[in-house]
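Architecture at a glance
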Amino acid sequence: MELVTFAPGSGLLAPRAALRSDAPSLDLNGTWRFRLSPAAGVPEDFADPGYDDSGWAELPVPSHWPLHGHGAPAYTNVVYPFPVDPPYVPDENPTGDHRRVFDLPEGWSGGRLRFEGADSFARVWLNGHELGFWTGSRLPAEFDAGPWLRPGRNVLAVRVHQWSAAGYLEDQDMWWLPGIFRDVTLTRSAADVFVHAAHDGRLSFDGPGGRLDLPELGVAGLEPGAEVRVAAEPWTAETPRLYDATVTFPEETVRLRVGFRTVSVEDGVLLANGRPLLLKGVNRHEFDPVRGRAVTVETMREDVLLMKRHNVNAVRTSHYPPHPAFLDLCDELGLWVVDECDLETHGFERVGWRGNPTDDPRYEAALLDRMRRMVERDKNHPSVIMWSLGNEAGVGRNLAVMAGWARERDPSRPLHYEGDRSCAHTDVYSRMYATHAEVEAIGRREEEPLDDPELDARRRAMPFLQCEYAHAMGNGPGGLAEYQELFERYPRLAGGFVWEWIDHGIAHPAHEYAYGGDFGEPLHDGNFVIDGLVFPDRTPSPGLLDLKKVFEPVRITFPEAGDVARIVNGHGFRDLSHLRFTATVEAHGETVAEHPLEVPPDGGEVRLPGAGAAGAGERWLTVRALLADGHPWAPAGHEVAWSQTRLPTTPPHPPLRSAPPALSGASLLSGAEFEGRSGRLTRLFGLEVEGPRLDLWRAPTDNDRYSGLEARWRALGLHRLTHRTDAVERDGASLTVRTRVAPAATDLGMRATYRWTAAEDGGLLLRVDVEPEGDWSDPIPRLGLTMTLPGDAVDRVTWFGRGPGEAYPDTGLAARVGRWSATVEELQTPYVRPQENGHRAEVRWAGLGPFRVSGEPVFGLTARRWSAAELAAARHRPDLTPGDRVHLHLDLAHQGIGTATCGPGPLPRYDLYARPATFTLRFTPS
Ligand code: GAL
């Protein structure tokens, strides 16, 4: 068998819809026999029904064999892990032979063998007869098994090669994971149906015969090609109304869940059911840290539930059609879906797109085949609102062929493809990682023109979406709120899809989660595969919590200092009557009053009961929108949206005054001991301490690294600051220590003056004045103090400030003001590749075991059991082991986070530049 064939398959039956049928079917998943060979040319005798496979391993199907101890996974983003020389592949070609014996039930005859997905080139034999081969890893393949089935014992043999000519079409940024990774069935179903159901109630279907019944709407015996109009409630992602229908054929009856909805483009605006559609989306790869892309239906459901609970309303199935059950869940629970074809040839970019299959006539049949198999399989899903031709496959003639066929087969759905800026074959203008400024220009229809005026005019009339933006790699993404603000301001902007849903970390005994390189791959892209909104175990990352806030379908603002809340309905297709609203008043983090709020179904201004009365201490009012009743995706009481406002306070915060002279001895100041000569603090309230001293460094985030900032910071030496004491001055009530803090090998530096005074309450005030010297032209990582305490001094931290999660200047939208508590361990955000994390913002005070630190008025707090240097050096989480110190960072400011791993760095207002600064902290014994 020649692996270099351009043909997409042989012996295949025509593609058809994924349908639930009452025709008998046999589940062939389960334990198969398996043998891995290092090359393709192994004898084919294993296909013989009499072959003795007793010496073979056992392997579950569906699965990827490298995740079961046979070979290893490999990760590359853009580059091919084999020479770019289509259609050839290396001799080293992992080849997995699979065997399964099954008994045919009594009276069974005929049927189809159906494979939902095998990566990447598979041949199949039934009882020693070769049925054919197929490619297109994430697409179904069906073979007529009928003539070769025998009563009783049957032997199915499948050979899967990892590499083939078709592999050039599957260069998606993900692990290379061969195997039969989706379900295998023997089915007697053969039906195909294409249902058309528009939001105005028009209903019809195409099919080879059959009669459609939809009892709930009184439809009975509808024939193919005939149209009726019914009084149906439309389907939307917000109101996923489905109607049970059946289509009855002589041999079988198929069940469908019909959703009535229409997608269109009018005046350059994307519409669903005639109303503007704003996509609040994520890009979803199928992934599980143990099973790879062989995900279970439970995992799919968990994804959809998590998305719904975080206000996500759309999914792009990057970059291939998902398991068909996922789309059933999207229909049922409500998500708008851009269904993407299994096509990416990104690695050709590295060779100047020479030989790109997208433009190679020899690959035309394969590309068309992929498009057909996707559209035919998924055409009945109301959730699917757009077909995407693929991802990052360059440009070329075969796109026109795919698009031409799809338009004819299904004129009801717009076409998407990002890789061709001219949009010659699409109905929407799509980009990835465009900056805020560019998105705004496009929103205003003021984008740079294309050279071809005709194409330019066409594109200018299209709606715009960002099929990828806000790259969620590591700590971040920043800039979410500003993108959303633009999407909501300009009607042409139909929103977008954050990159991406999940970190593809593979469970690993030593590393916790493995990424590129951890399996010894000679060519890999490191942790670029760890860029999700949820961690590999699906715990939401701070990025997802932020996204939930940004995507809120209800906007709550406070136009009149706490007396009135303005509630705006941001849903596209429903009012607010499914929500209940509450107003909570907290004084210093303690709830002092809670009221229900009556909000009209269309929103409006609502007077807040009793919230306006002033009181002592810092008081905050929080208005929350909760699900009034349970929904299939979340229970009653689930919080959908919230907003806070600070209430007026009386009396004003008392000014802090220094106590009268309290210096006892040369080095002792109210609970603090200083070393006489250097002015260094050595003990604080009985604890042995190091610091606080000025610090500018943070363990670089992935975004710091990709933006180039890390390299500039390291070149400056910000990770190796030196400290010099210039003067220690005592005058009555205070101790002043004048220092210069600077990296070696440069004349840049910071004058840092620490002024310690005793406070009336037995505490200690520290005022730090910072004065940069020299030409500081780059943003700096942070500006703050670092100190360490004995490890056993602090276990739990309690603070009043923003929480409970981390926040940086352009992230942390989910962090609200309150009183929070967490252990030092819990304060760490478990980014798969360790980096700066865990900073709590706008902290008024924090209880740290034996003492409390207060800001004047606020500070940023980070506490860890390792240093920033150790954090920066770690590659995986298990590299971090708790030391015998607690490292505290008490910050005035941090550099923004941005999304420079892909896309723009922080917006200019989130850059932190060296500047003269003063900040004051108060230390008091607990
Ligand atoms: C895009 C690509 C994605 C992913 C992302 C970076 O260019 O479409 O598949 O590679 O960049 O994480």
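Residues numbered from 1 in each chain as written. Predicted model: local features only at pLDDT ≥ 70, side-chain atom pairs only at ≥ 80, totals over all residues. Heavy atoms only, no water.

Selection rule: UniProt positions are given in the numbering used here, feature names are shortened, and annotations may be inferred rather than shown by experiment.
Looking at an unreviewed UniProt entry, one finds the chain named Beta-galactosidase and attributed to Nonomuraea coxensis DSM 45129. You can read under Catalytic activity (unreviewed entry) in the UniProt record for the chain the words "Hydrolysis of terminal non-reducing beta-D-galactose residues in beta-D-galactosides."

Points about the sheet that holds strand S17 (residues 194-197)
For clarity, the cut-off: A pair of strands is considered paired only if DSSP assigns at least 2 bridges between the two. The way it works is that DSSP assigns letters per residue, a run of H or I at least four long becomes a helix, a run of E at least two long becomes a strand, and they are numbered from the N terminus.
Strand order in the open sheet made by the three strands is S17-S18-S21, with antiparallel pairing throughout. Because the sheet does not close on itself, it has two edges, and the strands there are S17 and strand S21 (228-229).

Observations regarding the pattern of salt bridges
Applied cut-off: Each reported salt bridge corresponds to a side-chain nitrogen of Lys or Arg within 4 Å of a carboxyl oxygen of Asp or Glu. Exposure is judged per residue with a 1.4 Å probe applied to protein chains only, and the accessible area is read against the type maximum: over 50% gives exposed, under 20% gives buried, and values in between give partly exposed.
Going through the model one piece at a time under the given rule, you end up with 70 salt bridges. The salt bridge partner of Arg 138 is Asp 119, with a shortest N-O separation of 3.1 Å. A residue pair is termed long-range when its members are at least 10 positions apart, and Arg 138 in the loop between strand S11 (129-134) and strand S12 (141-144) and Asp 119 in strand S9 (residues 118-119) qualify at 19 residues. A single burial state applies to Arg 138 and to Asp 119, both of which are buried. Measuring nitrogen to oxygen at the nearest pair gives 3.5 Å for the salt bridge that ties Glu 233 to Arg 241. Through salt bridges with shared partners, a single ionic network connects Asp 119, Arg 138, Glu 170, Arg 293, Asp 342 and Arg 370.

Overview of the domain arrangement of the chain
Quite often, the size of an interface is put as the accessible area lost when its parts meet. Here is the rule we go by: For the purposes of this description, domain bounds are those given by an automatic or database domain assignment. Buried surface area refers to the total accessible area, computed with a probe of radius 1.4 Å, that the two partners give up upon joining, counted for both partners together. Throughout this entry, Asp, Glu, Lys and Arg are counted as charged residues, while Ala, Val, Leu, Ile, Met, Phe, Trp, Tyr, Cys and Pro are counted as nonpolar. The remaining residues, Gly among them, count as polar.
According to the domain assignment, the chain contains domain 1 (2-187), domain 2 (194-262), domain 3 (264-549), domain 4 (565-642) and domain 5 (693-720 + 774-925). For domain 2 and domain 3, the distance between their C-alpha centres works out to 29 Å. Carbon and sulfur atoms make up 56% of the area that domain 2 and domain 3 hide from each other, which totals about 1,500 Å². Remark: the boundary between domain 2 and domain 3 carries zero salt bridges. Only S17 and strand S23 (253-258) provide two or more residues apiece to the side of domain 2 that touches domain 3. Looking at the side of domain 2 that touches domain 3 residue by residue, the classes come out as nine nonpolar, four polar and two charged.

Overview of helix H1 (residues 297-309)
Defined as follows: Expected helix span is computed as 1.5 Å times (number of residues minus one). Whether two residues are in contact is decided by their heavy atoms: any pair within 4.5 Å suffices.
For H1, with 13 residues, the first-to-last C-alpha span of 18 Å sits near the 18 Å given by 1.5 Å per residue. Listed as buried for H1 are Thr 299, Met 300, Asp 303, Val 304, Leu 305, Leu 306, Met 307 and Lys 308. In this structure, the buried side of H1 is in contact with strand S27 (279-283), strand S28 (314-316) and helix H2 (324-333).

Looking at the pairing of strand S13 (residues 152-161)
The buried count for S13 comes to eight of 10 residues, which makes it a mostly enclosed element. Alignment of strand S7 (residues 92-104) against S13, held across 10 bridges, turns out to be antiparallel. Considered in S13, the bridge of Arg 100 is made with Leu 156. Pairing analysis gives six bridges linking strand S10 (residues 121-126) to S13, with the strands arranged antiparallel. What sits directly across from Val 124, in S13, is Val 158.

Points about the sheet that holds strand S5 (residues 57-61)
Spatially, seven strands are ordered S1-S11-S10-S13-S7-S4-S5 in an open sheet, and the strand pairing comes out antiparallel. Only two strands of the sheet have a single neighbouring strand rather than two, namely strand S1 (9-10) and S5.

Comments concerning the nonpolar core
Keep this limit in mind: In these notes, a set of buried Ala, Val, Leu, Ile, Met, Phe, Trp, Tyr and Cys residues joined through side-chain atoms within 4.5 Å is what counts as a nonpolar core.
The biggest cluster of nonpolar side chains holds 109 residues, and the ones touching the most others in it are Met 371, Trp 501, Leu 547, Ile 567, Phe 581 and Val 623. Not counting residues up to four positions away in its chain, the partners in contact with Val 623 are Ile 556, Phe 558, Ala 565, Ile 567, Phe 581, Thr 582, Ala 583, Leu 597, Leu 608, Ala 641, Trp 642 and Ser 643. Within the second largest apolar cluster, 60 residues are counted, among which are Leu 735, Leu 766, Ala 846 and Leu 912.

Structural notes on the site of the ligand
What counts is decided by this rule: For this purpose, a residue is taken to be near a molecule or strand whenever a single non-hydrogen atom of the residue falls within 4 Å of it. N or O atoms closer than or at 3.5 Å make up a polar contact, with two conditions inside protein: a donor-capable atom paired with an acceptor-capable one, and, for residues adjacent in sequence, both atoms drawn from side chains. Residue-level accessible areas treat just the shown protein chains as cover; the underlying method is Shrake-Rupley with a 1.4 Å probe.
Around the ligand, the structure places 13 residues, and the nearest of them are Asp 173, His 319, Glu 392, Glu 468 and His 471. In the environment of the ligand, an oxygen atom lies 2.5 Å from a nitrogen or oxygen atom belonging to the side chain of Glu 392. In the environment of the ligand, an oxygen atom lies 2.6 Å from a nitrogen or oxygen atom belonging to the side chain of Glu 468. Summarising the interface, the protein chains cover 96% of the accessible area of the ligand, which totals 310 Å² for the free molecule. Counted by class, the shell around the ligand contains five nonpolar, four polar and four charged residues.

Side note on the environment of Phe 919
Inspection of the secondary structure assignment puts Phe 919 in strand S59 (residues 917-925). Judged by relative accessible area, which is 7%, Phe 919 ranks as buried. Distance in space between the C-alpha atoms of Phe 919 and Asn 703 is 28 Å, their sequence separation being 216 residues. Sequence-distant contacts of Phe 919, defined by excluding residues within four places in its chain, comprise Leu 766, Arg 767, Val 768, Val 770, Gly 784, Leu 785, Leu 890 and Leu 892.

Points about the packing of aromatic side chains
Put simply, the rule reads: Aromatic pairs are defined between Phe, Tyr and Trp rings, using the six-membered ring for Trp, whenever the two ring centres lie within 6.5 Å; interplanar angles under 30 degrees are classed as stacked, those over 60 as edge-to-face, and all others as tilted. Only when the NZ of Lys or the CZ of Arg is both within 6 Å of the ring centre and within 35 degrees of the ring normal is a charge said to sit over the ring.
Scanning the entire structure with this criterion turns up 33 aromatic pairs. Where Tyr 469 meets Phe 487, the ring centres are 5.3 Å apart and the plane angle is 90°; that geometry is what we call edge-to-face. With Tyr 469 in strand S33 (residues 464-469) and Phe 487 in helix H7 (residues 480-489), this pair connects stretches of sequence that are 18 residues apart. Neither Tyr 469 nor Phe 487 differs from the other in exposure class; each is buried. A cation over an aromatic ring shows up here: Lys 549 above the ring of Trp 642, its NZ or CZ 4.5 Å from the ring centre. Across from the ring centre of Phe 800, 5.6 Å away, lies the NZ or CZ of Arg 844, which sits over that ring.

Observations regarding the packing of helix H3 (residues 364-378) against helix H4 (residues 397-409)
Convention followed: Axis geometry follows a simple rule: fit a line to the C-alpha atoms, using only the stretch in contact for helices, then measure angles between N-to-C directions, giving values from 0 to 180 degrees. An angle below 35 degrees is read as roughly parallel, one above 145 as roughly antiparallel, one from 65 to 115 as roughly perpendicular, and any other as oblique. Handedness of a helix crossing follows the sense of rotation of the near helix relative to the far helix, less than a right angle counterclockwise being left-handed and clockwise being right-handed.
The contact between H3 and H4 brings their axes to 9 Å, and the two run at 30°. By the angle class used here, H3 and H4 are roughly parallel. Between H3 and H4 the crossing geometry is right-handed. Listed contacts from H4 to Glu 364, Leu 367, Leu 368, Met 371, Arg 372, Val 375 and Glu 376 of H3 are Arg 397, Asn 398, Val 401, Met 402, Trp 405, Ala 406 and Arg 409. Here the contact of H3 with H4 is composed, by residue class, of eight nonpolar, one polar and five charged.

A closer look at the packing of H7 against helix H8 (residues 542-550)
Interaxial distance between H7 and H8 falls to 10 Å at its minimum, and their mutual angle equals 30°. Between H7 and H8, the angle falls in the class roughly parallel. In this structure, H7 crosses over H8, and the sense of that crossing is right-handed. Here H7 contributes Leu 480, Ala 481 and Gln 484 to the contact with H8, which in turn contributes Gly 543, Asp 546, Leu 547 and Val 550. For the contact of H7 with H8, the per-class residue count stands at four nonpolar, two polar and one charged.

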